[in-house]
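# Analysis of the macromolecular model
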Amino acid sequence: TTAYLNADYSNCCMVQLLLPDLSDESFSYLKTILGNKYVPEEEGIYGPTIWTYTEPGKTVGDSRYRVVLEKKYEEKMDKDVYFLNYVLREKYY
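Let me sum up the structure you'll find in this document. Counting of residues starts from 1 at the beginning of each chain's written sequence and follows it residue by residue. Confidence filtering applies because this is a predicted model: local features only for residues at pLDDT of at least 70, side-chain atom pairs given and counted only at 80 or more, and all residues used for totals across whole chains, interfaces and linings. Values reported for side chains reflect all heavy atoms of the structure, with hydrogen atoms and water molecules removed beforehand.

### A word on the side chain of Thr-54
Mapped onto the fold, Thr-54 is located in strand β4 (residues 50–54). Residues contacting Thr-54, with those up to four places away along its chain left out, are Tyr-38, Val-39, Glu-41, Val-60, Ser-63, Tyr-65 and Arg-66. Think of it this way: any DSSP run of H or I at least four residues long counts as a helix, any run of E at least two long counts as a strand, and we number them from the N terminus. Residues are treated as being in contact if the distance between any of their heavy atoms lies within 4.5 Å.

### Section: the environment of Asn-36
Within the element layout of this structure, Asn-36 appears in helix α1 (residues 24–37). Residues Asn-36 and Pro-56, 20 residues apart in the sequence, show an inter-C-alpha distance of 9.5 Å.

### Some points on the environment of Tyr-38
Relative to the elements of secondary structure, Tyr-38 occurs in the loop between α1 and β3 (39–40). Taking the C-alpha atoms as reference, Tyr-38 lies 8.9 Å from Gly-57; in sequence the two are 19 residues apart. In this structure Tyr-38 touches Tyr-53, Thr-54, Pro-56, Tyr-65, Val-67 and Tyr-86, once residues within four positions along its chain are discounted.

### Comments concerning the packing of aromatic side chains
To pair, rings of Phe, Tyr and Trp, with the six-membered ring standing in for Trp, must have centres within 6.5 Å; the planes then decide the type, stacked if under 30 degrees apart, edge-to-face if over 60, and tilted in the middle. Within the structure shown, the criterion is met by five aromatic pairs. Note on Tyr-4 and Tyr-9: the rings are 5.1 Å apart at their centroids and 85° apart in plane angle, and the pair reads as edge-to-face. Per-residue accessibility, obtained with a 1.4 Å probe over protein chains only, is compared with the maximum for each type, and a residue is labelled buried under 20%, exposed over 50%, and partly exposed between these values. Classification of Tyr-4 by relative accessible area gives partly exposed; the value is 34%. Members of the aromatic cluster, joined through ring pairs, are Phe-27, Trp-51 and Tyr-82.

### Focus on the side chain of Arg-66
Secondary-structure assignment places Arg-66 in strand β5 (residues 65–74). For Arg-66, a relative accessible area of 15% translates into the label buried. Engagement of the side chain of Arg-66 in a polar contact is seen with the side chain of Glu-41, the distance being 2.6 Å. With residues up to four places along the chain from it excluded, the contact list for Arg-66 reads Glu-41, Tyr-46, Thr-52, Tyr-53, Thr-54, Val-60, Asn-85, Tyr-86, Val-87 and Arg-89. Any N or O atom pair separated by 3.5 Å or less is treated as a polar contact, with the protein-specific requirement of one donor-capable and one acceptor-capable atom, and with residues adjacent in sequence counted only for side-chain atom pairs.

### Describing the pairing of β4
Burial of β4 is extensive: four of the five residues sit out of reach of the surface. The pairing of β3 with β4 spans two bridges and is antiparallel. Following the sheet pairing, Val-39 is matched in β4 by Thr-54. The pairing of β4 with β5 spans five bridges and is antiparallel. Within the sheet, the bridge partner assigned to Thr-54 lies in β5 and is Arg-66. Any two strands with at least two DSSP bridges between them are considered paired.

This is the structure we're talking about:
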């Protein structure tokens, strides 16, 4: 899924990936990989099932984007679903 800032689809501000079912071990491994590539933010600041990361070499305020990993329980499917989002920060629109 993508989100755009304008009608001609030339300014993308978010890309969201629905990940396949993950084991707890695979999910932990994915968090480790993201933590090695990006700068982890304080765990739990956006909720207990959301992990966020910012651009390496930048302060949180100067990071152009945020990477968001989310584990969400979906009642209709009676299982956890996983999302990985790349979000352009608003001040860089």
